[in-house]
Amino acid sequence: MNAIHDTHDKQAFDPIAVEVFTNRLLAITESMASNIMRASFSPQIKERRDFSVGMFDRQGRLIAQGTHIPVHLGSLMGSVEAVLARWPLAEIRDGDVYVCNDPYAAGGTHLPDISVITPVFVDGRLVAFAANIGHHSDVGGAVPGSTSAAARTIYEEGLRIPIMRVARGRQVDDDLIGLIALNSRLPEERSLDLRVQIATNEKGLGAIGSLIDRMGGAAKFEKAVDGVLAYTLQRARHRVAALPARRSTFTTWLDDDGSGQGGRVPLTATVYKDGAVLVVDLEGSGPQSRGALNVSDSALRATVYYCVKAMLDPDLMANSGMAGAIVIKAPSGSIVNPRSPGACGARTITCQRLAGAIIGAFVGLVDRERAIASSVDTMPTIAFSGTRPEDGSIYLSGETLGGGGGARDAADGMDGIHVHITNSRNLPTEILEHECPLRVEHYGFAVDSAGPGRHRGGLGIVREVRMLRDETIFSARSDSHLQGAAGAEGGGEGGRGRLLRNAGSSAEEVLGSKVRHLILARGETVRIETPGGAGFGDPAARPLEALAEDLRDGLVTEAYARRFYGDALTDGALQAGGRAG
């Protein structure tokens, strides 16, 4: 699974001109992003901003991506590659628009993420592609929301869309849109959001065409693209060359493979440099999931590229240039390189944990100021659905939640954030309660979930929701219920996740980390507590003032402080004003 090498990596370029050109490209993608966010109909895109946009050259090389969801980098790259694999350049026409979502046939990562790709022509010549991807709330399948960790094959997960033309000569194929919409529990929302995606690309190709005109034509544009990719490749190789000549390995563990059978699943990453390239070897990772936790090729590439950028050069441009400096090795038939028809719907849980493994391996290679303890490293998700008695229509609400960030040598971990390859926003309580017969009883930080250390990990999140109607269907996907995030330099484990039905009542029930199609009655509640980040450094070395502030703010309890920081430090913190008022 080797990365594609750029043939222009030795050309000369002007770094200042590259920076100016790249910012122009990013301005276009951000304008596209603003359009899709404002015009979309589903809360997933409009409120949670679970979408991304990108721009590619005629060879299918990514040249700019909006600053949104890192895992979408893989979907967009895979989708454009699928277009070029399906049609020769001579058969791609001005006015065509393509749509796809399938992980095996069209470079996707899971079925709810639908990509739309539009070729850009200048003076009759194909010069680029505008692309975007949006998470659609439902594309059919066995469960509302189209994602269950227990799905056994991709056929259970919803409508599979190979790369298809959805428009010719800018005339949208209403029949194809209707087919996709009919396979969703929310057909009108699907139809409207797909049309917004198509219109967003139309706006983007106009902006790209204007940029090319200002630059003096397609030839100068293509030369500038080569320069950007060459600059990124050279910069990435420079960062790789600075790494020490040794291997570093780190293993993280999934609670299970989603199937409800078997034990924990390892994800192992070994990182080392081999000449001018960085090798990320995933040998030792678990077998292909019998559930839906498998990671397709596109999702794997996106995860690896994110980790390399985050750990070696956060300012590295997110384009195909970096791919020439990276080689990915993933054993065939494993959870990180599955064979069709393995289910992929809950792939983000694995991607998050895999990112933690790769970053953990990098910690053994990078300078201390870049080292970080493990974070929440999963993507807790809750979903509610049912029918409205007044008209029989279906409501569906899905939300991903953040958790605790890992601590570093110089700072505590961040509280209640998305980490790694996800970057979506929370679903506002007002939207949830307006759209669905649900009431949020509690929303805040999970007290005592921060891993102890000289610098503590970030806190997880608590979300408790009450059902206002009978026959409410509930599903959840999470992890780290069996083991928390791993500390660094003597830091403690992050708090573990929990999922409770009717918390605090006589009917309280502890649920597993993966729940499929649980029917809840009116008045029942579900409470999810997401994992916290791990600590960095010896907890006994935590500054007294920092512990006092955590106690005063109610982020940790006195019992927790005494257990992990000791009586002496806790007594001092309380005397310093750490007791909550």
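All figures in this text were calculated on a predicted structure; none of them were measured in a lab.

**A word on the environment of Glu 222**
Next up, step 1: Looking at the secondary structure, you find Glu 222 in helix 6 (residues 218-241).
Next up, step 2: Remark: the alpha-carbon pair of Glu 222 and Asp 193, spanning 29 residues in sequence, is separated by 32 Å.
Next up, step 3: Among residues more than four places away in sequence, those in contact with Glu 222 are Arg 58, Arg 125 and Val 127.
Next up, step 4: Of the polar contacts made by the side chain of Glu 222, one reaches the side chain of Arg 125; its length is 2.9 Å.

**What to know about the sheet that holds strand 4 (residues 113-122)**
Next up, step 1: Sheet architecture is open: 7 strands sit in the order 2-1-5-4-3-6-7, paired in antiparallel fashion. Of all strands in the sheet, those with a lone pairing partner are strand 2 (62-65) and strand 7 (171-172), marking the two edges.
Next up, step 2: As paired elements, strand 1 (residues 51-57) and strand 5 (residues 125-135) share 7 bridges and run antiparallel to each other. The residue bridging Phe 51 from the neighbouring strand is Gly 134, located in strand 5.
Next up, step 3: In this fold helix 4 (residues 174-182) packs onto strand 3 (97-100), strand 4, strand 6 (164-168) and strand 7, with an angle of close to 135 degrees to the strand it touches most, strand 6.
Next up, step 4: Set on the sheet, helix 6 makes contact with strand 1, strand 2 and strand 5; between it and strand 5 the angle comes to about 55 degrees.

**Considerations on the packing of helix 3 (residues 72-86) against helix 7 (residues 297-312)**
Next up, step 1: In contact at an axis separation of 7 Å, helix 3 and helix 7 are set at 130 degrees when each is read in the N-to-C sense. Our classification of the angle between helix 3 and helix 7 gives oblique. At the point where helix 3 passes helix 7, the crossing takes the right-handed sense. Seen from helix 3, the contacting residues are Leu 73, Gly 74, Ser 75, Met 77, Gly 78 and Glu 81; seen from helix 7, they are Ser 298, Arg 301, Ala 302 and Tyr 305.
Next up, step 2: Residue composition of the contact of helix 3 with helix 7, by class: 4 nonpolar, 4 polar and 2 charged.

**What to know about the confidence of the model for the chain**
Next up, step 1: On average, residues of the chain score 93 in pLDDT, and 97% of them reach the 70 mark or higher.
Next up, step 2: Note on residues 1-10: pLDDT is under 50 here. Beyond four places in sequence and across chains, it has 25 contacts.

**Topic: helix 10 (residues 544-552)**
Next up, step 1: Within helix 10, burial applies to Ala 546, Leu 547, Ala 548, Asp 550 and Leu 551.
Next up, step 2: Gly 554, located one to two residues past helix 10, shows a positive phi value of around 75 degrees.

**A look at the sheet that holds strand 10 (residues 277-281)**
Next up, step 1: Judged by pairing direction, the sheet is mixed, and its 4 strands sit side by side in the order 8-9-10-11 without closing on themselves. The open sheet has two edge strands with one neighbour each: strand 8 (248-254) and strand 11 (326-329). In this sheet, neighbouring strand axes are inclined to one another by 20 degrees on average, regardless of whether the strands run parallel or antiparallel.
Next up, step 2: Inspection of the sheet shows strand 10 paired to strand 11 by 4 bridges, in the parallel sense. The partner of Val 279 across the bridge, within strand 11, is Val 327.
Next up, step 3: Each of strand 8, strand 9 (265-274) and strand 10 is contacted by helix 8 (residues 347-363), which is oriented at about 155 degrees to strand 8, the strand it contacts most.

Reading guide: rules and limits
- Residues numbered from 1 in each chain as written.
- Predicted model: local features only at pLDDT ≥ 70, side-chain atom pairs only at ≥ 80, totals over all residues.
- Heavy atoms only, no water.
- Helix = DSSP H or I, 4+ residues; strand = E, 2+ residues; numbered from the N terminus.
- Contact = heavy atoms within 4.5 Å.
- Polar contact = N/O pair within 3.5 Å; in protein donor to acceptor, adjacent residues only side chain to side chain.
- Pairing = 2+ DSSP bridges.
- Axes fitted to C-alpha atoms, helices over the stretch in contact; angles between N-to-C directions.
- Parallel < 35°, antiparallel > 145°, perpendicular 65-115°, else oblique.
- Left-handed = near helix turned anticlockwise from the far one by under 90°.
- Nonpolar A, V, L, I, M, F, W, Y, C, P; charged D, E, K, R; others polar.
- pLDDT = per-residue confidence, 0-100.
- Buried < 20%, exposed > 50% of the residue type's maximum accessible area, 1.4 Å probe, protein only.

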